[in-house]
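What the coordinates show
Residues per chain, in single letters:
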Amino acid sequence: MVDFPEFVLRTIFAGLCGLVIGLDREIKNKPLGMRAYILIALGSAALMVVTLNFSLSSIANDSNMAIDPTRLIQGIVGGIGFLGAGSIMTTQDGGHLRGVASGAAIWGAGAIGVACGLGYLWEAAFIAVLIFVVLNLSNWFRRITGTQPEEAVRGESAAGDEHHQVGAAVTKGKGQ
């Protein structure tokens, strides 16, 4: 069983890894900020540790009860997928998907929580750093190449507000 000090370590570490991702999203003024990513990682880790403890408890040793802690991982993946889909949904017309990177980062925060809950702290830290790098790689690449993100071409600000005059001028210029 995972004792309480180890539980605290795993869940706090998961929260800190979620913070790494959340800071990136917060700095970029994304709808989901650091609190969401911290809570997702923290909650996933806590659920995983509690499930592990239950599966190793005397209650779970009842021969009439079938316990499979890996089913929780499936549940977390499904729940995180639901949250990620919510971050991708948009009310804007035009068929453009927004928030896909945030949705993927939510899924990554859930994976971090599962890894921490299972005691794989180094792996969780690596995942957090890797997600942070990937989230910033496209911005770095755009600066190096001098290209603009799609939002700038459509005339939207980072917050998603449309500037119709700028957007119309850019669209008009494309067709000529």
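All of the points below concern the structure found in this document. (Residues numbered from 1 in each chain as written. Predicted model: local features only at pLDDT ≥ 70, side-chain atom pairs only at ≥ 80, totals over all residues. Heavy atoms only, no water.)

**What about the overall build of the chain?**
- On a plain count of helices and strands, the chain comes out with seven helices and zero strands.
- The N-to-C order of helical and strand elements in the chain reads α-α-α-α-α-α-α.
- Within the chain, contacts between residues separated by at least 24 positions form 63% of all contacts whose residues are at least 6 apart in sequence.
- A total accessible area of about 11,000 Å² is found for the chain, and carbon and sulfur atoms account for 66% of it. (Helix = DSSP H or I, 4+ residues; strand = E, 2+ residues; numbered from the N terminus. Contact = heavy atoms within 4.5 Å. Areas by Shrake-Rupley, 256 points an atom, 1.4 Å probe, with all protein chains shown as cover.)

**Here's the deal with the nonpolar core**
- Counting residues in hydrophobic clusters, the biggest one holds 23 residues, and the most contacted among them are Ile21, Tyr37, Ala105, Ile112, Cys116, Ala124 and Ile131.
- Contributions of two or more residues to this core are made by α1 (4–27), α2 (34–55), α3 (70–88), α4 (100–117) and α5 (121–145).
- Ranked by residue count, the leading element in this core is α4, at seven residues. (Core = buried A, V, L, I, M, F, W, Y, C linked by side-chain atoms within 4.5 Å. Buried < 20%, exposed > 50% of the residue type's maximum accessible area, 1.4 Å probe, protein only.)

**A few points about the pattern of salt bridges**
- Using the criterion set out here, one finds three salt bridges in the structure.
- Glu6 is paired through a salt bridge with Arg10; the nearest N and O atoms lie 3.0 Å apart. With Glu6 and Arg10 both in helix α1, this residue pair falls four residues apart, about one helical turn.
- A relative accessible area of 11% means that Arg10 is categorised as buried.
- Two residues, Asp24 and Arg25, come together in a salt bridge whose shortest N-O distance is 3.0 Å.
- Classification of Asp24 by relative accessible area gives buried; the value is 3%.
- Here the residues in one salt-bridge network are Asp24, Arg25 and Lys28, joined through shared partners. (Salt bridge = Lys/Arg side-chain N within 4 Å of Asp/Glu carboxyl O.)

**Quick notes on the packing of α3 against α4**
- Look at α3 against α4: their axes get within 8 Å of each other, and the N-to-C directions meet at 160°. The pairing of α3 with α4 is recorded here as roughly antiparallel in orientation. Remark: the crossing between α3 and α4 carries right-handed chirality. Listed contacts from α4 to Ile73, Ile76, Val77, Ile80, Leu83, Gly84, Ser87 and Ile88 of α3 are Val100, Ser102, Gly103, Ile106, Trp107, Gly110 and Val114. (Axes fitted to C-alpha atoms, helices over the stretch in contact; angles between N-to-C directions. Parallel < 35°, antiparallel > 145°, perpendicular 65-115°, else oblique. Left-handed = near helix turned anticlockwise from the far one by under 90°.)

**Quick look at a nonpolar patch on the surface**
- Where nonpolar side chains cluster on the molecular surface, the patch consists of Val20, Val129, Phe132, Val133, Leu137, Trp140, Phe141 and Ile144 and spans about 740 Å² of accessible area.
- By residue number, the principal contributor to the nonpolar patch is α5, which donates seven residues.
- Position of Trp140 relative to the elements: it lies in helix α5. (Patch = residues over 30% accessible without salt bridge, like charges linked within 9 Å, V, L, I, M, F, W, Y side chains within 5 Å.)

**Here's the deal with α2**
- An ideal rise of 1.5 Å per residue puts 32 Å on 22 residues; α2 measures up with 32 Å between its terminal C-alpha atoms.
- Regarding α2, the residues found buried are Tyr37, Ile40, Ala41, Ser44, Ala45, Met48, Val49, Leu52, Asn53 and Ser55. (Expected span 1.5 Å × (residues − 1).)

**Some remarks on unusual backbone geometry**
- One non-glycine residue, Asn29, adopts positive backbone phi at about 55°.
- Summarising the element assignment, Asn29 is placed in the loop between α1 and α2.

**Looking at the environment of Arg25**
- With respect to the helices and strands, the residue Arg25 is situated in helix α1.
- Accessibility expressed as a relative area gives 4% for Arg25, which makes it buried.
- Separated by 80 residues in the primary sequence, Arg25 and Ala105 place their C-alpha atoms 9.2 Å from one another.
- Each residue touching Arg25, except ones within four places of it in the same chain, is listed here: Lys30, Leu32, Tyr37, Ala101, Ser102 and Leu135.

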